[in-house]
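Here's the letter readout for the chains.
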Amino acid sequence: MKQTWRWFGPSDAISIGEIRQTGATGIVSALHHVPTGEVWSVDAIKERQQLIERPQGVPSGLTWDVVESLPVSEVLKSQTGPVGQHLASYKESLRNLAKCGIHTVCYNFMPVLDWTRTDLSYPLQHGGHAMRFDLVDFVAFDCFILSRRGAEQDYSPEILETAKARFSDLNDAGRQALSNNIVAGLPGANDNWSLEDVRQNLAAYEGMTPETLRSNLIDFLSEVVPLAEELGIRVCCHPDDPPFPLLGLPRVMSSQANYATVLDAVDSPANGATLCTGSLGVAIGFDPVSFITQLGHKVHFVHLRNTVRDGSSDGNRHGFVEAEHLVGDTDMVATIRALLAEEQRRRETGRTDHEIPMRPDHGHALLSDLAGTTQPGYPLIGRLRGLAELRGVMLGCS
Ligand code: DNO
């Protein structure tokens, strides 16, 4: 597998020089400064490529292998507003990426909220910090901070009761921190929205069923995938994180069955998956080996991360804490073994994309990370540890 590292661009506290020292050979990046829905120009892509591949004019040995993400706008997800214009921009960005030699493009189809956590620095026993999703905190946010209309009907009386008590225990600063963590705290997500932005965006999805959202996704792919195929681009959908509905919004990429439906609906080698074990693994019964056995030929990008279900659950919604990469609810060794077997199958059938890019997804904040300014979930030492452990497993299994 190609070992890659997510770099947020020039504003990232970790430099390209430092990334070289992790042993990664590829970069995952995005033009976060371009507003969602606008075109990524060839010049802007080349500028980023230069920063990655030849910082200060000297080759770094790293290449920009994966775009994460070319974001799909709320206009396209909800099909309200200037859909044609946003599709045209998306396609133009794909053309421009292909012109620059970038052929793997990740996106997601989560309405309104991208990945979501309630605690960005949960203290672990050894002194490091992890990210955590506490369902009770989330319910407290939804019902009593965002005060979404009808929210209380989405939860069981038991969890509502606990959330009510949690909310009254929080002081103003605690409520503000919870709200910030959920709405605006995470890199690569949500364009720093305010609570009011969330409310306004929710309105576009009022009453939307999962069937409609899925059909919007399939409409999007029916437009984009034929072009991607022509350009030699592989688009790969990131799963819902966490893999269940939030804020009364449908989520339609939460399980292996969801992926099978959408990948089948627009059947093309260009229409693929980003397998994120940390996102899908929160669901009880998710089996990464079965996912790879069924859909491995369409897995274009992999996030290796582990979680442990933790705290309260409500039906199929679970709290969880981000775990060490090799220890948690996901069997990482079996996952890697299955991915290496998929690579072998690709080699045997002469596929040129037999080397699947992977990145150590997230990491605990450890040692000097704790004093630093890296983005939540994306510390240097924690990810370095994750990559080193995963690399060991890859070598051991190959
Ligand atoms: C979190 C990430 C997500 C991911 C997007 C993909 O760490 O995995 O932000 O980049 O959902 O579109």
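Residues numbered from 1 in each chain as written. Predicted model: local features only at pLDDT ≥ 70, side-chain atom pairs only at ≥ 80, totals over all residues. Heavy atoms only, no water.

S.K.: Can you lay out the side chain of Asp142 for me, pointing to particular residues and giving the numbers?
M.R.: Within the secondary structure, Asp142 is located in helix H5 (residues 135-145). Within the structure, the side chain of Asp142 is placed 2.8 Å from the side chain of Arg148, a separation counted as a polar contact. Among the polar contacts made by the side chain of Asp142, one reaches the side chain of Tyr155 at a distance of 2.7 Å. (Helix = DSSP H or I, 4+ residues; strand = E, 2+ residues; numbered from the N terminus. Polar contact = N/O pair within 3.5 Å; in protein donor to acceptor, adjacent residues only side chain to side chain.)

S.K.: Break down the site of the ligand for me, with residues and values.
M.R.: Looking at the ligand, there are 14 residues lining it, with Glu68, Ser69, Asn108, His362 and Tyr378 nearest. Residue Asp114 places a side-chain N or O atom 2.9 Å away from an oxygen atom belonging to the ligand. A distance of 3.0 Å is found between an oxygen atom of the ligand and a side-chain nitrogen or oxygen belonging to Trp115. In terms of residue count, the dominant contributor to the shell around the ligand is strand S4 (residues 104-108) (three residues). Looking at side-chain class alone, the shell around the ligand contains five nonpolar, five polar and four charged residues. (Near = heavy atom within 4 Å. Nonpolar A, V, L, I, M, F, W, Y, C, P; charged D, E, K, R; others polar.)

S.K.: Lay out the pairing of strand S6 (residues 129-133) with the relevant residues and their values.
M.R.: If a strand is regular, its side chains alternate between the two faces of the sheet. Here S6 lies mainly inside the structure; four of its five residues are buried. As consecutive antiparallel partners, strand S5 (residues 119-123) and S6 are separated by five residues, and within that stretch Gly127 has a phi angle of approximately 105°, a positive value. Bridge count between S6 and strand S11 (residues 317-322): two bridges; the pairing is antiparallel. Across the sheet, residue Phe133 finds its bridge partner in S11, namely Phe320. (Buried < 20%, exposed > 50% of the residue type's maximum accessible area, 1.4 Å probe, protein only. Pairing = 2+ DSSP bridges.)

S.K.: Summarise the packing of aromatic side chains; cite the residues concerned and give the values.
M.R.: Under the criterion given, the structure shown has twelve aromatic pairs. Between Tyr90 and Phe220 the ring centres are 5.0 Å apart and the planes differ by 85°, which places this aromatic pair in the edge-to-face class. Of this pair, Tyr90 sits in helix H4 (residues 83-99) while Phe220 is found in helix H9 (residues 210-231), placing the two residues 130 residues apart along the sequence. Here a set of aromatic residues connected by ring pairs shows up, and it is made of Phe133, Phe138, Phe141, Phe244 and Phe320. Above the ring of Tyr122, the side-chain terminus of Arg132 is found at 4.7 Å from the ring centroid. (Phe/Tyr/Trp six-rings, centres within 6.5 Å; stacked < 30°, edge-to-face > 60°. Lys NZ or Arg CZ within 6 Å of the ring centre and 35° of its normal.)

S.K.: Tell me about empty space enclosed by the protein, and please be specific about residues and values.
M.R.: Going through the model one piece at a time under the given rule, you end up with two cavities of 30 Å³ or more. In terms of lining residues, the largest cavity is bounded by 15 residues, among which Gly37, Glu38, Leu70, Pro71 and Tyr90 are the most central. Ranked by residues supplied to the lining of the largest cavity, first place goes to H4 with four residues. Residues of the lining of the largest cavity, tallied by class, amount to eight nonpolar, six polar and one charged. Roughly 60 Å³ of volume is contained in the second largest cavity. If you trace the second largest cavity, you find it lined by Ala323, Glu324, His325, Gly363, His364, Leu366, Gly382, Arg385, Gly386 and Glu389. Residue composition of the lining of the second largest cavity, grouped by class: two nonpolar, five polar and three charged. (1 Å grid on protein atoms, 1.4 Å probe; cavity = no way out; pocket = protein on both sides within 12 Å on 5 of 7 lines; lining within 4 Å. Points joined across faces, edges and corners; volume = space filled by probe spheres on them.)

S.K.: Explain the pattern of salt bridges residue by residue, including any values.
M.R.: Enumeration over the complete set of coordinates arrives at 28 salt bridges. We note a salt bridge from Lys2 to Asp65, for which the minimum N-O separation is 3.2 Å. With Lys2 in strand S1 (residues 2-6) and Asp65 in strand S3 (residues 63-68), this residue pair connects regions lying 63 residues apart in the sequence. Like Lys2, the residue Asp65 is buried in the burial classification. Asp267 is the partner of Lys298 in a salt bridge, and the nearest nitrogen-oxygen pair spans 2.5 Å. Residue Lys298 is found in the loop between helix H12 (288-295) and strand S9 (299-304), and its partner Asp267 is found in the loop between helix H10 (256-265) and strand S8 (271-276); the two are separated by 31 residues along the sequence. Ionic contacts of the salt-bridge type, sharing partners, join the residues Arg6, Glu68, Arg117, Asp241, Arg305, Glu322, Arg359 and Asp361 into one network. (Salt bridge = Lys/Arg side-chain N within 4 Å of Asp/Glu carboxyl O.)

S.K.: Describe the environment of Ser222, and please don't skip the residues or the numbers.
M.R.: Tracing the chain through its elements places Ser222 in helix H9. Here the alpha-carbon distance between Ser222 and Ala265, two residues 43 residues apart in the chain, equals 8.7 Å.

S.K.: Describe in detail H9, supporting the description with residues and values.
M.R.: Between its first and last C-alpha atoms H9 spans 31 Å; for 22 residues at 1.5 Å apiece the expected length is 32 Å, and the two agree. All of the buried residues along H9 are Leu213, Arg214, Asn216, Leu217, Phe220, Leu221, Val224, Val225, Leu227 and Ala228. Within two residues after H9, Gly232 carries a phi angle of roughly 75°, on the positive side. (Expected span 1.5 Å × (residues − 1).)

As far as function goes, none of this settles anything; it's purely spatial.
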